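For reference, the chains in residue letters:
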There are 2 protein chains.
Amino acid sequence: MKKTEVIAENAYVEQLARYEKYKAMGLKLDMSRGKPSKAQLDLSNGLFDILTSKSDFTGSQDYRNYGILDGIPEAKKLFAELSGVKESEIMVLGNASLSIMYDTLQRAMQFGVCGNKPFNEQGKIKWLCPVPGYDRHFAITELFGIEMINVPMTESGPDMDMIEKLVSADEQIKGIWCVPKYSNPQGIVYSDETVRRFAALKPKAADFRIYWDNAYMVHYVTEDVKLLNLLNTAKEYGNEDMVYMFGSTSKITFAGGGVGFMAASENNLASLRKLMGIQTIGYDKLNQLAHVRFFKNAQGILDHMDKHAALMRPKFEKVLEILSAEMDGFASWNEPKGGFFVSVDLPEGTAKRTVFLAKEAGVVFTGAGATYPYKKDPSDSNVRIAPSMPPVEELAIAMEVFCCAAKLAYFEKATGRI
Amino acid sequence: MKKTEVIAENAYVEQLARYEKYKAMGLKLDMSRGKPSKAQLDLSNGLFDILTSKSDFTGSQDYRNYGILDGIPEAKKLFAELSGVKESEIMVLGNASLSIMYDTLQRAMQFGVCGNKPFNEQGKIKWLCPVPGYDRHFAITELFGIEMINVPMTESGPDMDMIEKLVSADEQIKGIWCVPKYSNPQGIVYSDETVRRFAALKPKAADFRIYWDNAYMVHYVTEDVKLLNLLNTAKEYGNEDMVYMFGSTSKITFAGGGVGFMAASENNLASLRKLMGIQTIGYDKLNQLAHVRFFKNAQGILDHMDKHAALMRPKFEKVLEILSAEMDGFASWNEPKGGFFVSVDLPEGTAKRTVFLAKEAGVVFTGAGATYPYKKDPSDSNVRIAPSMPPVEELAIAMEVFCCAAKLAYFEKATGRI
């Protein structure tokens, strides 16, 4: 046995003993999804006291009745202010932005974008996917049979050289998924230069759209990093029709009980409204009204997010503290200033096994590979950690199990066991 | 001038004088859509007091958080009881049944029904449309480019001889729109025999589905006429996969602020759920919870509908009273026992002109033709009257204007003026 082999063998034995101890604890912890904690949900309970049987439900009409396709004016005002766009550039819709994105893409598939041919009739369609990214985005494009092309993320956003080259050359590329602020899972905020280069793109396809999922627009944890406004910047380049921006209050108020919205050029919205008016008579105006009266204005939302940040901060700190203590030189990770996730890159070829081992010890992480299209992480190294849900003490033990599982997976490999 | 010509001329002059009088009144009345009145909406205001910041939001999980794709168990129980199906045969979804129907058909277009080829890849698709019917149904099939075939309504439902013949012969016919109870606009309830013949259909297309929009399932006005349960009856013929049933509380609680649901075989639901899970993480569980706690059970909904009926009854009576007094022998109409509409058949070729003249006098009715696919009423005779919204005294004057406009239109024609 060589000396390095002895070291690896000893390390394996050590981690295995530790792992067995965790396993014996009978843990049952879930770090798999970006779910708000009970304390975070409690922050919005006041929403339930806003509308009572004695309330006035009238604004531009009686909001208990039919009417208004794309959002009550009060809600448009609030979310336009929050999004930094004009009221004529926003629609306030149903309970989540994911279904707004899905419906928008489904409309493009079936009916085409602004008078262009339906994607369904344009042969093999392609889509750019910054990686690692959000699994539910990738699931949508996969379902529609759209070919997904991985674009590596950098510290300032996706690789713009690659994006510029691809979209200007290939008419089959019709869109890109972006989470521009506190990206899922890395927590990266696109730099001003990145946003500018997006705004200035010259895509070959007239029906190319940037799906700008600003899911964490106000979800700072340690610092509210400024993101340049894509729609407004795109106007400088005459490119405002290239942009769809999405957001929701799912992680501001209630997950599933919130309000989703979409911002885009008046031209884009007019085209979408025509189709939307056949799908629905309108969305839940009463929930929109309750949200407006609860927050009053954009500042009201920001004040509310301070409270979220105070609850999230110790959790992010704990995750980073344990990663620093245990994984320095072994793995790499981001130190996000907001959002819901910490993204860890483990040694190549060990992510799947790590998640499996952690699960066997009672701690569930997002499936390895989930952050890549087709669930295929080419280097099998990325794991998304969602620290929002468990209390800090549980989080600590979950992270220890994660680190132990990662090392065990690595040394299993290094000693030829797997 | 012949004697009949003199009579027509005198009648024309008489109606014109009357019409000018109405016109001078500067009326502004809207009878165009089936909107609940303020008093009806007030019936459900208690819904706003059900959930407060002090409530327990927990059932099978914390309903403020992510989780549950197709309805909280409590809501499934309630609407399964109301629909007379098993809890495993129901999904409780978003704020309206129209979008559930649209989404279901869009999924069939894009992905196919239960493993069959997408409609998009099956050439020209056809759809059966009982007429007169619901304009928003027809708008959906029209948008998808589906060829709509008119099927005449009878007193017991659509012409089943025609339907049986068509669906058994033509594989391109993939569905039919039905409003089986208090149909829109005629208020007809399908007879047991009609439902049985639907349940026993032997369509040539394996992916043929009956879109059974039970929008007025509990919306009796003078009598709760029993409707045979299609899903359960279809089971007797091994045909349960042929049926999609839809409903919502849009006209029970709030229009746009209600809860929509869909009942179908477990096989159908499993197939839909797979696609739905990509479109959404879940619907508004808190609104579902509020509805459940407000009504408690199906009997709670029925008790609530008694109050709606008490408000609707005098309005239906007033419409029928004025029609009887003014239009006997001139036009024909149904005497619905429930639902939202009275359907009037005017002399051929006068409906459009009648609606136009009424509008000129300040009273808006649903556009003539709206009750037919492509907005084309082949005999230009049907007008849908929606009496729910205005108070009885306004309704009376609106109906008088309608009758006057109808006669004026007729005598304009009879005297060769138009």
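Note that the structure is a prediction, hence the values are computed from the model and not measured. (Residues numbered from 1 in each chain as written. Chains lettered and ligands numbered in written order. Predicted model: local features only at pLDDT ≥ 70, side-chain atom pairs only at ≥ 80, totals over all residues. Heavy atoms only, no water.)

Undergrad: Now, about the domain arrangement of chain A: what can you tell me, with residues and values included?
TA: Residue and element names in this part refer to chain A. With domains assigned, chain A is organised as domain 1 (3–31 + 310–414) and domain 2 (55–295). Taking the mean C-alpha position of each, domain 1 and domain 2 sit 32 Å from one another. Taken together, the 19 residues of domain 1 in the interface contact 27 residues of domain 2. For the pair domain 1 and domain 2, the two sides together bury roughly 2,000 Å², of which 60% comes from carbon and sulfur. Three residues, Lys337, Pro373 and Tyr374, lead the burial of domain 1 against domain 2; their summed loss comes to 31% of the area buried on that side. Counting the contacts that link domain 1 with domain 2 gives 1 salt bridge. Two residues, Lys337 and Glu223, come together in a salt bridge whose shortest N-O distance is 4.0 Å. Here domain 1 is connected to domain 2 by 9 residue pairs in polar contact (both at pLDDT 80 or more). The element that contributes the greatest number of residues to the side of domain 1 that touches domain 2 is helix H11 (residues 298–327), accounting for 3 residues. Looking at the side of domain 1 that touches domain 2, its residues break down into 10 nonpolar, 6 polar and 3 charged. (Domains from an automatic or database assignment. Contact = heavy atoms within 4.5 Å. Buried area = accessible area lost by both parts, 1.4 Å probe. Salt bridge = Lys/Arg side-chain N within 4 Å of Asp/Glu carboxyl O. Polar contact = N/O pair within 3.5 Å; in protein donor to acceptor, adjacent residues only side chain to side chain. Helix = DSSP H or I, 4+ residues; strand = E, 2+ residues; numbered from the N terminus. Nonpolar A, V, L, I, M, F, W, Y, C, P; charged D, E, K, R; others polar.)

Undergrad: Outline the packing of helix H1 (residues 3–24) of chain A against helix H13 (residues 392–414) of chain A, supporting the account with residue identities and numerical values.
TA: Residue and element names in this part refer to chain A. Between H1 and H13, the shortest axis-to-axis distance is 9 Å and the interhelical angle comes to 145°. Pair H1 / H13 crosses with left-handed handedness. Of the residues in H13, those in contact with Ala8, Ala11, Tyr12, Gln15, Leu16, Arg18, Tyr19 and Tyr22 of H1 are Ile397, Glu400, Val401, Cys404, Lys407, Leu408, Phe411, Glu412 and Ala414. (Axes fitted to C-alpha atoms, helices over the stretch in contact; angles between N-to-C directions. Left-handed = near helix turned anticlockwise from the far one by under 90°.)

Undergrad: Just give me the short version of the side chain of B:Glu89, but keep the residues and values in it.
TA: Residues and elements named next belong to chain B. Along the polypeptide, Glu89 turns up in the loop between helix H3 (73–83) and strand S2 (90–92). Within the local environment of Glu89, its side chain forms a polar contact with the side chain of Lys235, the two groups lying 2.6 Å apart. Once you skip the residues sitting within four places of it in the chain, Glu89 turns out to touch Leu231, Lys235, Met262, Ala263, Ala264, Glu266 and Leu269.

Undergrad: So what about the pairing of strand S9 (residues 260–264) of chain A? Which residues, and what values?
TA: All names here are of chain A. Judged by how many residues are buried, S9 sits mostly within the fold: 5 of 5 residues are covered. Burial along S9 is two-sided: the residues Gly260, Met262 and Ala264 and Phe261 and Ala263 are all buried. In this sheet, S9 lies alongside strand S2 (residues 90–92) in antiparallel orientation, the contact comprising 3 bridges. For Ile90, the partnering residue across the bridge sits in S9 and is Ala263. Pairing between strand S8 (residues 243–248) and S9: 5 bridges, direction antiparallel. Directly across from Ser248, in S9, lies its bridge partner Gly260. (Buried < 20%, exposed > 50% of the residue type's maximum accessible area, 1.4 Å probe, protein only. Pairing = 2+ DSSP bridges.)

Undergrad: How would you sum up the packing of aromatic side chains? Please name residues and give values.
TA: All names here are of chain B. Per the counting criterion, the structure on display carries 42 aromatic pairs over all chains. Taking the centre distance of 5.5 Å and the plane angle of 85° together, the rings of Tyr190 and Trp212 count as edge-to-face. With Tyr190 in the loop between strand S6 (173–178) and helix H7 (192–199) and Trp212 in strand S7 (residues 209–213), the pair connects residues that are 22 residues apart, well separated along the chain. When sorted by exposure, Tyr190 lands in the same class as Trp212, which is buried. (Phe/Tyr/Trp six-rings, centres within 6.5 Å; stacked < 30°, edge-to-face > 60°.)

Undergrad: Give a detailed account of the sheet that holds strand S7 (residues 209–213) of chain A, specifying residues and quantitative values.
TA: Residues and elements named next belong to chain A. In spatial order, the strands read S2-S9-S8-S7-S6-S3-S4-S5; together these 8 strands make up an open sheet with mixed pairing. Taken across any chain shown, the strands that pair with only one partner, and hence form the sheet edges, are S2 and strand S5 (157–158). Pairing geometry for strand S3 (residues 126–131) and strand S6 (residues 173–178), over 3 bridges, is parallel. By the bridge assignment, Lys126 is partnered in S6 with Ile173. Along the sheet face, helix H6 (residues 160–169) touches S3, strand S4 (147–154), S5 and S6 and points at about 150° away from the line of S4.

Undergrad: Can you lay out unusual backbone geometry for me, pointing to particular residues and giving the numbers?
TA: In this structure, A:Pro132 follows A:Val131 across a cis peptide bond, with omega equal to -5°. Along the polypeptide, A:Pro132 turns up in the loop between S3 and helix H5 (135–143). Look at the link from A:Asn184 to A:Pro185: it is a cis peptide, with omega at 10°. In the Ramachandran plot, B:Cys114 falls in the positive-phi region, its phi being about 50° despite a non-glycine side chain. Checked against the element boundaries, B:Cys114 lands in the loop between helix H4 (97–111) and strand S3 (126–131). The phi dihedral of B:Tyr374 falls on the positive side, at around 60°, and the residue is not glycine. As for its position among the elements, B:Tyr374 is in the loop between strand S12 (363–365) and strand S13 (382–385).

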